[in-house]
Amino acid sequence: MFYKTQFNGYSVKFSPYNEGRIAVATAQNFGIIGNGRQYVLDVTPQGLREVVAFDTVDGLYDCTWCEANQNILASASGDGSVKVWDIAAPPQLNPIRSFEEHGHEVYCVNWNLVNRDCFLSASWDDTIKLWNLQSPGSLRTFAEHRYCCY
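Residues numbered from 1 in each chain as written. Predicted model: local features only at pLDDT ≥ 70, side-chain atom pairs only at ≥ 80, totals over all residues. Heavy atoms only, no water.

**What to know about unusual backbone geometry**
Geometrically, the link from asparagine 94 to proline 95 is a cis peptide bond, its omega value of 0° lying close to zero. In this structure, proline 95 sits in the loop between strand E7 (82-86) and strand E8 (97-99). Located in the positive-phi region is asparagine 29, a residue other than glycine, with phi close to 55°. If you trace the backbone, asparagine 29 turns up in the loop between strand E2 (21-27) and strand E3 (36-44). Classification of asparagine 29 as partly exposed rests on a relative accessible area of 41%. Although it is not a glycine, phenylalanine 30 sits at a positive phi angle of roughly 60°. Of note, phenylalanine 30 is situated in the loop between E2 and E3. A relative accessible area of 57% means that phenylalanine 30 is categorised as exposed. (Helix = DSSP H or I, 4+ residues; strand = E, 2+ residues; numbered from the N terminus. Buried < 20%, exposed > 50% of the residue type's maximum accessible area, 1.4 Å probe, protein only.)

And the structure:
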């Protein structure tokens, strides 16, 4: 069985909790203009099966699974935000958080494997930000870069 996302794929990450679950960040029109969609898919013997999909107003360039909660993932968005999703929550309650401190597109997100409640985001505003879900804003901004961070 063949499965094709509606938009162009930018990032695919395996769940650290479920070996048959993947997250796929996508963007319309190759991320140049248009919407995005965060997919969560299960790998089954019959092929890929959509668990849930969340729409965004801008393209999504990356995604990462939370290392402390199997139902949480974050997405890097072209609108400069980091969206946090709860796949166990009803779709209308998502995103559960939207961190909006970057000045340009967020191109990368990565969860900390040791300090499991923290993650980083990298942006075309030349910064990297450290976050956790309990804080209202970033914990720290690294502004030592001279050009876009990927």
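**With respect to the pattern of salt bridges**
Applying the stated criterion across every chain yields a total of six salt bridges. Put simply, aspartate 55 and arginine 37 hold a salt bridge, and the shortest N to O gap is 2.4 Å. Placement of the pair is aspartate 55 in strand E4 (residues 47-56) and arginine 37 in strand E3, with a sequence separation of 18 residues. According to the relative accessible area criterion, arginine 37 is buried, its value standing at 14%. For arginine 49, the salt bridge identified is with aspartate 42, shortest N-O distance 2.7 Å. The class of arginine 49 is partly exposed, set by a relative accessible area of 43%. (Salt bridge = Lys/Arg side-chain N within 4 Å of Asp/Glu carboxyl O.)

**A look at the nonpolar core**
Counting 12 residues, the largest nonpolar core is built from Cys66, Ile72, Ala74, Ala76, Val82, Val84, Phe99, Val106, Val109, Trp111, Phe119 and Trp131. Among the elements of the structure, strand E6 (72-77), E7 and strand E9 (106-111) are those that each provide at least two residues to this core. Here tryptophan 131 is in contact with Val82, Phe99, Glu101, His102, Asp117, Cys118, Phe119, Leu120, Ser121, Gly137, Ser138 and Leu139, once residues within four sequence places are set aside. Grouped together as the second largest cluster of nonpolar side chains are 11 residues, Phe54, Leu60, Cys63 and Ile87 included. (Core = buried A, V, L, I, M, F, W, Y, C linked by side-chain atoms within 4.5 Å. Contact = heavy atoms within 4.5 Å.)

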